[in-house]
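Examining the three-dimensional arrangement
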Amino acid sequence: MRRHSPAIAFDFDEGIDRKTLRRLRDRFVALYRQRWERARSALAYRQQVVLEILPLVFHLNHPALPGYSEKGCPFGLGEYQPSDEALAAARRLAWTFKYRDNGKRKPDLSAVFLMGSPGSLGHSVASDLDVWLCHRPDLPETAVRLLEEKAAKVSAWAASLAVELNVFVFSADDWRQGRQQAEVTGENCGSAQHYLLLDEFYRTGIHLGGCYPMWWLVPVADEHRYNHCVRQLVDCRFIRASEYIDFGAVPRIPREEFLGAGVWQLYKGIDSPWKSILKLLLIECYAIHPDQEPLALTFKAAVYRGETDPDTLDPYIQLYRRLEQWFVQADSADRLELVRRSLYLKAGFPLSRSGASGDQWRARLLRELVVGWGWDEATLGFLDNRQAWRVEDVMGLRRSVVSELTHSYRLLSRLARSQGNDSAISHRDLNLLGRKLYAVFQRKAGKLELINPNLAPSLAEENLSFYHQSEQGGSGEGWLLYRDLENPSDAYWQPVIRRSGSLAELVLWCQCNGLLNRSTRLNVRAGTTSASVAETRELLEALEDNLPSPIGPPGREALEQPVRPLKILLLVNVGLDPQARLTERGLHKLSARNDSLGFSGGRENLVHTIDQVTFNSWCEISLQHYAAGDTLIQSLTNVLAAVAEDPRYPPQVVVHSHSSGHGHGIARRLQELFADVVRQFFAGGRGPHPLRYVIEVDRRYFILQFNSKEPGFTVVDGLTGLLEHLRRPQSEYTPVVVDRYALANEGALRCVFASNEPGCVQVFYLIVGKHAQLWLLDETGSLYHWQRDCSSRRHLLTPLLRFLENLLERRQLRQNLNSPLATTDIRCYELVASQGRWQAERRDFNTDNIPLHGLQVQAVGMADGEGQIRFDIYCDEQEFRAEEYGVRLIPAVAHYIHSRRKSGEIYPVYLTDLNLPHDLDPQSYHPDLPTTQYLHHREELERALNLALSRQG
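Predicted, not measured: the structure shown is a model, and the values here were computed from it.

1. A few points about the sheet that holds strand S15 (residues 692-697)
Sheet strands line up and pair through hydrogen bonds in the backbone, either parallel or antiparallel. Reading across from one edge, S17-S16-S15-S18 is the order of the four strands in this open sheet, with mixed pairing throughout. Taken across any chain shown, the strands that pair with only one partner, and hence form the sheet edges, are strand S17 (710-717) and strand S18 (736-738). Pairwise comparison of adjacent strand axes, ignoring direction, gives a mean angle of 25° for this sheet. In the sheet, S15 pairs with S18 via three bridges, with the strands oriented parallel. Among the inter-strand pairings, Tyr693 is bridged to a residue of S18, identified as Val737. Sheet contacts for helix H22 (residues 631-645): S15, strand S16 (700-707) and S17; angle to S16, the most-contacted strand, approximately 20°.

Structure, rendered in structure tokens:
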């Protein structure tokens with residue numbers, strides 16, 4: 001093969017030779033023909049037809065060829081005559097195909113080019129084919145749409161032959177004027193990169209058919225006056241304008257393009273690093289050395305000098321030489337080594353296994369490079385054997401890749417700050433890139449690190465051992481991961497792959513990073529835990545069923561939105577038997593109680609640990625281990641906080657617990673609990689709604705409640721503590737919702753809560769013999785409970801209802817006269833048990849016609865400034881002031897009441913009215929205190945008066 005030809009030089013000012021121009025054009029054509037042959041040879045036999053027939057497919061709109069359109073799709077490729085190979089390929093597709101020349105019809109298409117890596121060292125079997133299909137500038141919009149539809153059909157046909165073909169349709173005029181940007185990837189990050197893309201096109205594009213690039217005919221020295229030279233060539237008829245297509249010049253790369261192109265490449269590099277690292281570094285080189293000419297001009301100058309060797313002019317070789325020169329001068333050996341490895345892995349040609357010979361051009365070219373780099377066979381064997389890479393190998397490479405990508409992002413961020421509003425990329429796109437980097441590489445507490453961003457095809461291990469630290473006789477609680485650990489004593493000298501505080505985290509890390517799958521042989525050394533191979537297998541299946549595999553990087557649409565959880569997997573009691581202690585004593589079942597949060601007669605909570613795995617919309621996986629304190633409630637509040645961020649899209653919650661023992665029951669109980677709580681707080685996709693959710697766990701009660709969007713909980717002991725807590729005043733209507741298993745022995749109380757309604761004060765009573773229990777739910781949902789001796793419903797309810805009526809009447813009188821009158825009903829219910837179920841039956845109780853005998857007793861409270869309250873008491877018209885009587889107040893009132901009773905009999909006294917100060921709480925002012933506050937002080941005063949009255953007898 002001839003490697004050099006005579007140099008070609010001409011001067012536009014001195015004169016131009018048509019023969020020289022034709023010889024120059026033929027030199028480019030011959031070079032691209034060699035690249036086409038190389039690109040074709042990289043494909044399988046069935047795939048070669050794609051390249052052979054591609055120009056003919058668009059030159060004709062033939063029913064026997066791929067992409068045929070019945071709607072009159074544009075066709076005809078200017079200056080194109082199909083080769084014998086193309087016609088033979090067409091006949092292989094359809095033996096009835098016959099080529100007919102359409103005569104003098106004006107062609108609709110200008111040219112077809114293949115651009116990118118095909119025909120170069122960087123092309124591999126995994127590379128796609130990017131095609132520029134250029135049409136006439138005056139083609140109607142409807143015709144362009146038809147052409148795009150045909151291009152899509154041709155791409156689909158190529159895909160059926162296992163070729164990824166991307167066809168970009170535009171006109172050269174649109175390109176020059178910036179009206180359209182041909183992207184060479186399926187995902188655009190919104191960046192403008194006109195000249196950088198043109199630079200790549202000129203040095204990589206392969207002419208497949210149609211017009212030739214005008215750029216070939218303008219020497220590098222005249223690039224700065226490119227348009228002038230083109231006009232001279234056309235106006236003076238040195239060339240026929242119909243034979244050439246003009247995309248414009250590449251004198252220099254504008255600085256504002258570096259940011260956009262860098263973001264685009266970095267965005268892709270997160271998914272596929274080797275190719276993008278090379279392009280990112282070229283962009284950085286252009287940005288740091290703006291005086292250097294673009295590689296396209298270096299390429300064109302070499303062709304003019306007579307260089308025709310396709311190895312020397314290989315786009316990736318030229319790219320490497322530019323970066324090598326830069327890093328050698330900068331003394332950056334580490335970055336240069338990364339460039340070399342990126343180029344070698346991008347080429348995808350394993351020299352150590354190829355048996356490279358001279359007729360394999362890629363093998364020969366790569367071999368020449370690695371010899372110059374000083375690589376030995378061990379290095380080649382390592383890089384070629386990617387299938388055998390293990391965790392340790394990948395993590396070292398990953399650090400280098402992440403370091404380079406992070407370096408590029410910081411450089412781009414500096415460019416963005418320096419360019420300001422002149423940047424060709426928006427701050428929004430830069431933020432999207434930052435989000436993707438953050439999602440894929442950023443470390444944060446609990447986040448699972450994905451160590452293999454397409455560096456190795458697989459990290460699957462044949463044998464893995466999970467080893468608990470207590471196996472070594474110590475008190476450690478952590479877990480160690482080994483490879484091929486058959487004998488426990490080997491743990492002292494074998495390297496540890498990973499350490500973790502929990503078995504769940506270790507299995508999750510292995511599964512998400514591809515070390516562990518269903519074919520991996522497991523060995524579990526449980527130590528003081530109850531873990532087993534069977535449990536680990538179950539855990540693996542739960543992870544595989546609920547998490548995507550493999551976990552890819554997030555898409556653009558997801559990154560445009562705030563991150564939100566998609567799925568939450570709760571792994572309960574991993575490596576732990578929740579009843580081990582009781583089982584040993586034979587006490588694991590003492591009653592018929594099957595609630596996992598209050599199991600058996602001991603009311604034991606079977607939920608001891610929870611490993612909460614969260615998969616979010618940015619494809620991040622995190623794990624939180626709850627093993628101390630109230631683990632269930634901690635996990636539940638964490639889930640509620642996540643839902644509160646966007647209640648429209650609550651995450652799916654799945655619970656897994658090892659099937660042995662009570663695992664299924666525990667999982668079902670927690671599944672119900674989490675679903676119930678989320679449904680209550682976020683009904684209708686809104687919220688969090690104001691309510692208090694009561695859960696009973698291990699003889700204790702947890703009350704969940706939101707403060708704005710922050711969930712919190714209060715824990716109380718026993719029923720008395722619960723009632724005391726639920727009596728606390730609320731700032732708005734906040735009903736109590738009782739979990740389905742809570743208060744199982746308090747059916748009447750559950751019925752009270754279930755009957756709560758807003759906008760009213762509800763009184764519930766239950767009479768058993770001569771005793772009555774009463775509950776009051778006020779206008780905010782707060783509960784007050786008390787007991788009374790009861791001789792009749794009239795004596796039980798009339799004083800209470802009169803008191804409430806007086807209270808509500810006074811509230812209405814304080815309302816703004818210009819505001820609508822807000823009324824609060826008083827409703828009365830009797831609790832009745834029927835067939836084992838409690839019901840609240842409404843009772844209409846009109847007190848207007850019921851006389852209330854005895855004195856009218858009223859109390860008026862005053863705050864003393866120290867958080868205490870003093871009362872003045874009025875009995876009819878008799879006044880008893882606290883300031884006057886002091887501690888003798890209650891006995892004095894009781895004495896007066898006793899003296900007014902004719903027969904001297906002892907019966908209860910009731911307050912008919914009560915006034916409380918609005919500064920009852922010295923920290924805040926309440927224009928209307930809740931009803932339960934009044935009821936509490938009423939009960940306290942009545943109890944004291946009745947006790948003093950009984951002593952009078």
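2. Things to note about the pairing of strand S22 (residues 825-834)
In the sheet, strand S19 (residues 760-768) pairs with S22 via six bridges, with the strands oriented parallel. Considered in S22, the bridge of Tyr765 is made with Glu830. Of the strand pairs in this sheet, S22 and strand S23 (residues 837-843) are connected by seven bridges, and their pairing is antiparallel. Looking across to S23, one finds that Val832 is bridged to Gln839. Following S22, the chain reverses through two residues before pairing antiparallel with S23; Gln835 in that reversal takes a positive phi of roughly 55°.

3. As for the side chain of Asn523
Mapped onto the elements, Asn523 comes out in strand S10 (residues 521-525). For Asn523, a relative accessible area of 16% gives the class buried. Contact partners of Asn523, with chain neighbours within four places excluded, come to Leu464, Ser465, Phe466, Leu485 and Glu486.

4. Brief notes about the environment of Ser635
Within the secondary structure, Ser635 sits in helix H22. Take Ser635: its relative accessible area is 0%, and that puts it in the buried class. For the pair Ser635 and Asp611, spaced 24 residues apart in sequence, the C-alpha separation works out to 8.7 Å. If sequence neighbours within four positions are ignored, Ser635 has contacts with Leu570, Ile610, Gln612, Tyr626 and Phe674.

5. What about the sheet that holds strand S11 (residues 565-572)?
Read from one edge to the other, the open sheet built from four strands follows the order S13-S12-S11-S14, with strand pairing classed as mixed. Taken across any chain shown, the strands that pair with only one partner, and hence form the sheet edges, are strand S13 (621-626) and strand S14 (652-657). Taken over all neighbouring pairs, the strand axes of this sheet differ in orientation by 15° on average, direction set aside. Examined bridge by bridge, S11 and strand S12 (residues 610-616) share seven bridges and lie antiparallel to one another. The residue bridging Pro565 from the neighbouring strand is Asn616, located in S12. Along the sheet face, helix H18 (residues 503-512) touches S11, S12 and S13 and points at about 170° away from the line of S13. H22 rests against S11, S12, S13 and S14 of the sheet, and its axis sits at about 15° to S12.

Rules and cut-offs
- Residues numbered from 1 in each chain as written.
- Predicted model: local features only at pLDDT ≥ 70, side-chain atom pairs only at ≥ 80, totals over all residues.
- Heavy atoms only, no water.
- Pairing = 2+ DSSP bridges.
- Helix = DSSP H or I, 4+ residues; strand = E, 2+ residues; numbered from the N terminus.
- Axes fitted to C-alpha atoms, helices over the stretch in contact; angles between N-to-C directions.
- Contact = heavy atoms within 4.5 Å.
- Buried < 20%, exposed > 50% of the residue type's maximum accessible area, 1.4 Å probe, protein only.

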